[in-house]
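Spelled out, the chains give:
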Amino acid sequence: MKISGFTIIRNAVTNDYPVTESISSILPVVDEMIVSIGDGEDDTESLIRSIGSDKIKIVQSQWDMSLRKGGEVLAVETDKAFQHVSPDADWAFYIQADEVIHEKYHPAIRAAAEKYKDDKRVKGLLFNYLHFYGTYDYVGDSRKWYNKEVRIIRNDKNIRAFRDAQGFRENGHKLPVKQIDAWVYHYGWVKSPKQMFEKQRNVSRFWHESEEDWKKIVKEDFFDFNNHYDSLEKFTGTHPLVMAERLKQQNWNIELDTDTKYFSFKDKILYWIEKKTGKRLFDFQNYTII
């Protein structure tokens, strides 16, 4: 069995993406790692090369910034990176630059990929998600945060990234997938208030059609974490080992309220049901579990 990893990245240094941690977290699982680097304004390539793995294959790409509505450029670049996956790979493991896999899930991931390798009905493997917010001590636990997504897909080039590359579809249809016992740790919302403002300003242009629309969102010079969540809970687990240095480097502190819930009446009921039953009702799912 062969698993190829692939990811896209642009301006990783400027936006302080944990991309080296992201890539390093799946290197033990994959046989090759395609890293597509966009034409940015910093030395992202040197950052990627500093990982020092011969599994990594760097490809260069020029991003079409006119494809900004709904994050379309991200899907286009993801599809381009997928094309570089070796033809003899059975699976392709897609990871975004702010996502990390805990090493404790490596055996389960390899086992699931082996188990379903010859079951051609299965086009993808579905992961659970933890979304960290503000610091490494809080996670979002409401419907605002997607709780599952496909991160391993069959090496079938009819499969394409969907919308802003959050997930995938085949010929426009949802992928039939199997849920696996593994979690993605999403750290995209963990930065100092100043860093988060800079990142939001830089990457939000991927969801706005024009420079003028993008400039309208730049109103402050810091990000107020207290104004952008509806429900949080304290994280009591352990972080992936590859994140150890980043945890040491945290030089800001944010105290967030985990007791108060900022819900509408409908969301309050749905939240209560999910907590009691583990089922998320009426949720959009970009996949079909088989």
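All of these numbers come straight from a predicted model, not from anything done at the bench.

A. Spotlight on the pattern of salt bridges. Applying the stated criterion across every chain yields a total of 18 salt bridges. Where R246 meets E21, a salt bridge forms, and the shortest distance between an N and an O atom there is 3.0 Å. Separated by 225 residues along the polypeptide, R246 in helix 7 (residues 244-249) and E21 in helix 1 (residues 19-26) bring together distant segments of the chain. Taking the shortest distance from any N to any O, the salt bridge between E99 and R151 comes out at 3.0 Å. Of this pair, E99 sits in strand 5 (residues 99-101) while R151 is found in strand 8 (residues 148-154), placing the two residues 52 residues apart along the sequence. A residue is classified by how much of its surface remains accessible, and E99, at 0% relative accessible area, is buried. Residues participating in the shared-partner salt-bridge network are D16, E21, K191 and R246.

B. Geometry of the environment of H173. If you trace the backbone, H173 turns up in strand 11 (residues 173-174). When its relative accessible area of 56% is taken as the criterion, H173 is described as exposed. Sequence separation between H173 and K279 is 106 residues; the distance between their C-alpha atoms is 24 Å.

Rules used throughout
- Residues numbered from 1 in each chain as written.
- Predicted model: local features only at pLDDT ≥ 70, side-chain atom pairs only at ≥ 80, totals over all residues.
- Heavy atoms only, no water.
- Salt bridge = Lys/Arg side-chain N within 4 Å of Asp/Glu carboxyl O.
- Helix = DSSP H or I, 4+ residues; strand = E, 2+ residues; numbered from the N terminus.
- Buried < 20%, exposed > 50% of the residue type's maximum accessible area, 1.4 Å probe, protein only.

These results come straight from atomic positions and should not be treated as a statement about function.
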